[in-house]
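Notes for the structure review
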Amino acid sequence: MTKLIRPTRRAVLASGTAFAASLAMPALSRAASRPAFTHGVQSGDVDKSSGMIWTRTDRPAKVMMEVSTTESFDNAMKLPPLDALPETDLAVKRLVEGLPADQDIFYRFTAHDLSDINGTSDPVTGRFRTAPAGRRDIRFAWSGDTAGQGWGIDDEGMATYATMARHTPDFFLHSGDTIYADGPMTDEVEKDGEIIWKNTVLTDDKRKVAETLEEYRGQWKYNMMDEHVLALNATVPTFFQWDDHEVVNNWSSSRSLMEDDRYTEKSIHVLAARAARAFHEMTPIRYTPAEPGRVYRKISYGPMLEVFFLDLRSYRGPNSENMQDELTDESRILGAEQMAWLKRELTQSSATWKVIASDMPIGLVVGGGQEAVANGDNGAAKGRELEIAQLLRFIKTANITNTVWFTADVHYTAAHYYNPDKAQFQDFAPFWEFVSGPLHAGTFGPNDLDMTFGPEVKYVKAPTEEQGANLPPSAGLQFFGLVDIDGATQQMTVRLMDRADTELWKITLDPEGMAL
């Protein structure tokens, strides 16, 4: 029986060493050896009848694919093979369709060396569960911010991934800052003359900022050298979105790198293009034919849940003071086309809960008010707040109920209740926004709140003044959230959790206008 891969740290390190060695081998020796899979498997964007699967080989190979409803693969269905080629950094992914709803799906890859078709790899296997066609209990996790601020893979590894995996979620929603392409790492981190952190796993790509396509790819491959990331990837689908660190900190079309000596490539447009290609090559995100690089999308996860993934980075106007009095292309953060799509999809949704997965928070002031939605003036909607005000008014006017926002970005955890009675802009229905992260990065915060939309802090956990900022993962302030939707009552329970699996705060939300 082929077993699901749960790699040990020794196996991860050994595979990385073997891959590096294989690149230096003479062609004859390399062709005579067996191909291998270098970074495990991934699945993502799963709905009730389909899901994405992904893997990567160590050389050009023909990748055979099978799917089954049993771990033994007794009833396996063979899919047409795909070629892993250097053009995609030897990564392959495909959408598997025609699957039964609410079913465990096992998938298996085997690679044949294109230079020696008789050279065959050992199989690598993963699994996911399709979304239900009817009502059943659903659980998902969310968080963001992986391997940032110089905190890489130490002896414990990215342990928050293991904590999440123990809850066996149906899927994991990664809210952005999935890599830190602009955050070089060193072997050791010192504070006050003492070594407080050792990156026991480090690659050349992580020692500098990413500029080339290869270097951006290397950021992703580094994260997948962690045993906990690999283990979660093999058993839990990840629904990815991105924010800024996939390219460079706080990027928009106006971002200038002329004074940043770390970069020899000064064009933000060139860097964004390379980063976007690597993002889509290295993740099991669905491909959108009309716009191949598109990140915003909707995943229908049964009759009780639809997830609307926003992209607040790709279509924004230039970062500015964020104080414009009128909504123009300069003051947008969603962009006109994404906004039209979101309104249309929300209107058509019949799901009990409409989860809006946002890569940035609404009311928290980020980057002095220039980087996110809130501008920090606590007054009437201006700048990017105008577009969000338009959206919130539309949701109220169209009587779209049970919208809940989930986000990360700020490196602490919080629960915000947006109350129109306490807001400067009041033409919206109350809603919740839940913040979590980091997964494995420096801990910061808390940020100031802007009162334009009347946010009330119901819970927050962040470093104290005495603790300071940029705390390492070993300090324990690494956070994720768990969401449970009850199949009988349709209630949504949100829990804010930490790396040690401590439940910090919980709330249960009743669905509006739904028969129980």
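Residues numbered from 1 in each chain as written. Predicted model: local features only at pLDDT ≥ 70, side-chain atom pairs only at ≥ 80, totals over all residues. Heavy atoms only, no water.

As far as domains go, the protein holds domain 1 (31–130) and domain 2 (138–509). Using only C-alpha atoms to locate each centre, domain 1 and domain 2 end up separated by 29 Å. Facing 29 residues of domain 1, the contacting portion of domain 2 comprises 25 residues. In this assembly, domain 1 packs against domain 2 so that about 2,200 Å² is buried in total across both faces, 49% of it on carbon and sulfur atoms. Contact with domain 2 buries area across many residues of domain 1, yet His-39, Gln-42 and Asp-45 alone supply 29% of it, more than any other trio. Counting across the interface, domain 1 meets domain 2 through three salt bridges. Close ionic contact of Lys-221 with Asp-89 constitutes a salt bridge, the shortest N to O distance being 2.9 Å. Counting across the domain 1 and domain 2 interface gives 14 residue pairs in polar contact (both at pLDDT 80 or more). If you tally residues by element for the side of domain 1 that touches domain 2, the top one is strand 1 (residues 37–44), at six residues. Among the residues making up the side of domain 1 that touches domain 2, the classes are represented as nine nonpolar, 11 polar and nine charged. (Domains from an automatic or database assignment. Contact = heavy atoms within 4.5 Å. Buried area = accessible area lost by both parts, 1.4 Å probe. Salt bridge = Lys/Arg side-chain N within 4 Å of Asp/Glu carboxyl O. Polar contact = N/O pair within 3.5 Å; in protein donor to acceptor, adjacent residues only side chain to side chain. Helix = DSSP H or I, 4+ residues; strand = E, 2+ residues; numbered from the N terminus. Nonpolar A, V, L, I, M, F, W, Y, C, P; charged D, E, K, R; others polar.)

The next subject is the UniProt feature "domain: PhoD-like phosphatase metallophosphatase" (unreviewed entry) in the protein. When the UniProt feature table is mapped to this numbering, "domain: PhoD-like phosphatase metallophosphatase" (unreviewed entry) covers residues 140–496. For the annotated span residues 140–496, helix accounts for 19% and strand for 19% of the residues, and the straight-line distance between the end C-alpha atoms is 12 Å. (UniProt positions renumbered as here; feature names shortened; annotations may be inferred.)

Glancing now at the side chain of Thr-413. Among the structural elements, Thr-413 can be located in strand 18 (residues 413–418). Residue classification places Thr-413 among the buried residues on the basis of a relative accessible area of 0%. Apart from the residues lying within four places of it in its own chain, the contact partners of Thr-413 are Val-435, Ser-436, Gly-437, Tyr-459, Val-460, Lys-461, Phe-479, Leu-496 and Leu-504. (Buried < 20%, exposed > 50% of the residue type's maximum accessible area, 1.4 Å probe, protein only.)

This next bit is on the sheet that holds strand 17 (residues 403–407). If you walk across this open sheet you meet the seven strands as 14-15-16-17-19-18-20, and the pairing is mixed. The open sheet has two free edges, formed respectively by strand 14 (297–300) and strand 20 (455–461), since each of these has just one partner strand. Across this sheet, the average inter-strand angle for adjacent strands is 20°, counted without regard to direction. By the bridge criterion, five bridges tie strand 18 to strand 19 (residues 431–435) in an arrangement that is antiparallel. Within strand 19, the position partnered with Tyr-418 by the bridge is Phe-431. Contacts from helix 7 (residues 336–348) reach strand 14, strand 15 (305–309) and strand 16 (353–357) within the one sheet, and its direction differs from that of strand 15 by about 175°. (Pairing = 2+ DSSP bridges. Axes fitted to C-alpha atoms, helices over the stretch in contact; angles between N-to-C directions.)

Further remarks concern the side chain of Thr-55. Among the structural elements, Thr-55 can be located in strand 2 (residues 51–57). The class for Thr-55 is buried, based on a relative accessible area of 0%. Polar side-chain contacts of Thr-55 include one of 2.9 Å to the backbone oxygen of Gly-40. Dropping the residues within four chain positions of it, Thr-55 is found in contact with Phe-37, Gly-40, Val-41, Val-63, Leu-90, Ala-91, Val-92, Phe-109 and Val-124.

Before going further, it helps to examine the packing of helix 7 against helix 8 (residues 385–397). At a minimum axis separation of 11 Å, helix 7 and helix 8 run at an interaxial angle of 15°. Classified by the angle their axes make, helix 7 and helix 8 are roughly parallel. Note on packing geometry: the crossing formed by helix 7 with helix 8 is right-handed. Only Glu-387, Gln-390, Leu-391, Phe-394 and Ile-395 of helix 8 make contact with helix 7, whose side of the interface consists of Ala-336, Met-339, Leu-342, Lys-343, Leu-346 and Thr-347. Classifying every residue of the contact of helix 7 with helix 8 by side-chain character gives seven nonpolar, two polar and two charged. (Parallel < 35°, antiparallel > 145°, perpendicular 65-115°, else oblique. Left-handed = near helix turned anticlockwise from the far one by under 90°.)

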